[in-house]
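# Coordinate analysis (summary)
What follows is the residue order along each chain.
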Amino acid sequence: MTTAPTIALLGGGFSDDPDTLLDDYVLAATGRARPRVCFVPTASGDAPGYIEKFHAAFGARDCEASHLELFRRSVSDLRAFVLAQDVVYVGGGNTANMLAVWRLHGLDAVLREAYRAGVLLCGISAGACCWFQSALSDSFGPPAPLADGLGLLPGSLCPHYDSEPRRRPGYLTAVNDRALPGGWAVDDGAAGLFTHGRLTEVVTRTPGATLHRVRRGEDGSVEELPQTARVLGSSAADVSV
C-alpha cells in the first residue's frame, strides 16, 4: 500500500502498449519491493482473454499478481481480499455496467475503504473514469455524459482524449453546456497520479501526450490546460506539452 489515498489514471498499460513503462510506473508508485496487484476486469464482463493478458504481463514481474472476477465470483470476503492488495488495477470496457455490478456485490464500498487505507487504485478507460463523479462514457453508444462514478476524485474525466475523434469535441461541449463538471482529459500514452485528491505528477511514454485540465473560465469559455509531463524511459528533462 501507499501511505496516502492515491489514484493513477492510465492512458495505456499492458492491454494496449508495446512496452511496460506505465505499468512500471504504477508498481514503483507503491513504494513496495514486491507489491500485490489485483486486476479487476468487470467492465469487460470478466473476459478470459483480458485476464490471461494481465497474468502474462504481470506474472513474471516483481509483484504478486491476482485477479477478481464478479461474473464468476469465487472470493467470498471481498473486503479482506481487496484490503490485502497494494494495487487494484481496473480494466477497460463498459463503465456503466461495471459500476452497476460493483454496487450489486458491494465492491464500491470496499474500494472506498481501500482508497482511504492507502491501496493504490488505478485503471485505464472505464478503469480511470470510475473514480470520478462523472465521465464522458461510451457505455450506451456514442460518448455521452455519465454521472454515476464513485466520486473519489471531484469533477469529471474523459479518456482517449487524443485518439478517438468524438472524445475531445464531446467533452468540451459537455463541460461548456454544464452537462459535465470540469475535470481532466487523458491522452493515450500518459498517466496522472492523484494524492489526497490532488494531481501530484503527470508522466508519459509518448512525448506530446499528457493530462489536460478542462474547466470553464471566468469568462464562461472552456479552457484546456495541458500539464507538464515527465517522459518515462528517457534521460531528458521533463517536457511541457
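Before reading on, note that the structure itself is shown above.
I will try to describe carefully the structure that is included in this document. All of these numbers come straight from a predicted model, not from anything done at the bench.

## Structural notes on the nonpolar core
Leu-9, Leu-68, Trp-102, Leu-107, Leu-111, Leu-121 and Trp-131 are the most contacted members of the largest nonpolar core, which totals 41 residues. The element contributing the most residues to this core is helix 5 (residues 107-117), with 5 residues. Core analysis: the second largest hydrophobic core is formed by 23 residues, Leu-22, Phe-58, Val-87 and Ile-124 among them.

## A look at helix 5
Residues Leu-107, Asp-108, Val-110, Leu-111, Ala-114 and Tyr-115 constitute the buried set of helix 5. What you see down the axis of helix 5 is that its buried residues fit within an arc of 160°, all on one side. Count one or two residues on from helix 5 and you reach Gly-118, which has phi positive near 100°.

## Description of the pairing of strand 13 (residues 222-226)
Taken together, the 5 bridges between strand 12 (residues 211-216) and strand 13 define a ladder with antiparallel strand orientation. Within strand 13, the residue paired with Val-214 across the bridge is Glu-224. Here strand 12 folds back onto strand 13, and the loop between the two strands holds 5 residues, one of which, Gly-220, carries a positive phi near 90°.

## Concerning unusual backbone geometry
Phi is mostly negative for residues that are not glycine, and the peptide bonds are mostly trans. Positive phi, normally seen in glycine, also occurs at Asp-46, with a value near 55°. With respect to the helices, strands and loops of the structure, Asp-46 is situated in the loop between strand 2 (36-40) and helix 2 (48-58). A positive phi angle is found at Arg-178, which is not glycine, with a value near 65°. Summarising the element assignment, Arg-178 is placed in the loop between helix 7 (167-176) and strand 9 (183-186).

## Observations concerning the state of the cysteines
A covalent bond between the sulfur atoms of two cysteines is what we call a disulfide. Applying the stated criterion across every chain, the model contains 0 disulfides. No disulfide involves Cys-130; its nearest neighbouring cysteine sulfur is the one of Cys-129, lying 7.6 Å away. Its relative accessible area of 0% is what places Cys-130 among the buried residues. Take Cys-158: it sits in no disulfide, and the sulfur closest to it among the cysteines is that of Cys-129, at 7.5 Å.

Basis of the calculations
Residues numbered from 1 in each chain as written. Predicted model: local features only at pLDDT ≥ 70, side-chain atom pairs only at ≥ 80, totals over all residues. Heavy atoms only, no water. Core = buried A, V, L, I, M, F, W, Y, C linked by side-chain atoms within 4.5 Å. Buried < 20%, exposed > 50% of the residue type's maximum accessible area, 1.4 Å probe, protein only. Helix = DSSP H or I, 4+ residues; strand = E, 2+ residues; numbered from the N terminus. Arc of directions from axis to C-beta. Pairing = 2+ DSSP bridges. Disulfide = S-S within 2.5 Å.

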